[in-house]
Amino acid sequence: MTGLQQMNVSFDPAEDRLLWRLTSQAEQGLCEFRLWMTRRMVRLLWGGLDQLLSQDPEKILRVEPAARQVVRQFEEQAALEKADFKTPFQAQDAALPLGETPLLVSQIKLNHAADGNKIMVLHDKNNQGITLTLSPTMVHSLRKLLVESAQKAQWDLHLEVADPKSAFIPADLPMQ
């Protein structure tokens, strides 16, 4: 999927799942994709995103291991400052390529793209799903939305994103 315009993650207490909604501009016009994420899938996705961010090829080549966490916090802060969390998700008349009923995600694959973006493949048990190309800003924004929604769900997953007020950024980071 290309042209991601909006995303929203909300907790549905009756389903005890997170509903992830994405809108995208495609050749056939505006499309909305709806995905159910169980607690288990959120935990697996979080771990995969965490690993993906930790193994960013550019950081591994340029930044000392001891400084990678600080660099990551700084990048996360910068990405979250650019993201728009104030504009509400706008439910629009959009095509629903996966159907009106949200797809129950049971398979997640994550990888690095050559351009620095991240590739996320989400499928259900019947191998139906979507492939997303996410910029680093979108990855950090998704992480923030997952944190907030998992807290509302009271899932005790202990997910955290960088707190701009508490992050310590040294004046000089060691570079390799």
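Rules of the game
- Residues numbered from 1 in each chain as written.
- Predicted model: local features only at pLDDT ≥ 70, side-chain atom pairs only at ≥ 80, totals over all residues.
- Heavy atoms only, no water.
- Helix = DSSP H or I, 4+ residues; strand = E, 2+ residues; numbered from the N terminus.
- Buried < 20%, exposed > 50% of the residue type's maximum accessible area, 1.4 Å probe, protein only.
- Pairing = 2+ DSSP bridges.
- Phe/Tyr/Trp six-rings, centres within 6.5 Å; stacked < 30°, edge-to-face > 60°.
- Lys NZ or Arg CZ within 6 Å of the ring centre and 35° of its normal.
- Axes fitted to C-alpha atoms, helices over the stretch in contact; angles between N-to-C directions.
- Salt bridge = Lys/Arg side-chain N within 4 Å of Asp/Glu carboxyl O.

Student: Sorry if this is basic, but what is going on with unusual backbone geometry here?
Tutor: Among all residues save glycine, negative phi is the norm, and among peptide bonds the norm is trans. Phi at Q154 takes a positive value of approximately 55°, unusual for a residue other than glycine. Relative to the assigned elements, Q154 resides in the segment after α4 (136-153). Residue H158 is not a glycine yet carries a positive backbone phi of 55°. As for its placement among the helices and strands, H158 is situated in the segment after α4.

Student: When you look at the pairing of strand β3 (residues 29-37) in this model, what are you seeing that I'm missing?
Tutor: Consecutive side chains of a regular strand alternate in pointing toward one face of the sheet and then the other. Most of β3 sits out of view: 8 of its 9 residues are buried. Bridge analysis of strand β2 (residues 17-26) against β3 gives 9 bridges, and the strand direction is antiparallel. The residue of β3 that forms the bridge with L22 is F33. The loop that links β2 with its antiparallel partner β3 comprises 2 residues.

Student: Before we go on, may I ask you to explain the packing of aromatic side chains in this structure?
Tutor: Aromatic ring pairs are defined here through the distance separating the ring centres and the angle between the ring planes. With the rule as written, the count across this model stands at 1 aromatic pair. The ring of W46 is capped by R143, whose NZ or CZ atom sits 4.1 Å from the centre of that ring.

Student: Before we go on, may I ask you to explain the sheet that holds strand β6 (residues 118-123) in this structure?
Tutor: Hydrogen bonds between backbone groups are what pair the strands of a sheet, and the pairing can be parallel or antiparallel. One open sheet holds the 3 strands; their spatial order is β5-β6-β7, and the pairing between them is antiparallel. With partners counted over all chains shown, the strands left at the sheet margins are β5 (107-112) and β7 (129-134), one partner each. This sheet shows a mean twist of 15° between the axes of neighbouring strands, independent of strand direction. As paired elements, β5 and β6 share 6 bridges and run antiparallel to each other.

Student: It is not clear to me how the pattern of salt bridges should be interpreted in this structure. Could you clarify?
Tutor: When the charged atoms of two side chains lie near each other, side chains of opposite charge can form a pair. Under the counting rule described, the total for this entry stands at 4 salt bridges. Ionic pairing is found between R34 and E32, a salt bridge with its closest N-O pair at 2.8 Å. Where E148 meets K144, a salt bridge forms, and the shortest distance between an N and an O atom there is 2.7 Å. Of this pair, E148 and K144 both sit in helix α4, separated by 4 residues, roughly a single helical turn. By relative accessible area, E148 is classed as partly exposed at 32%. A cluster of three or more residues bridged by salt bridges with shared partners is formed by R21, E32 and R34.

Student: Where do I start with the sheet that holds strand β4 (residues 103-104) in this structure?
Tutor: Taken in spatial order, the 4 strands line up as β1-β2-β3-β4 in an open sheet, and their pairing is mixed. Of all strands in the sheet, those bounded by a partner on one side alone are β1 (4-12) and β4.

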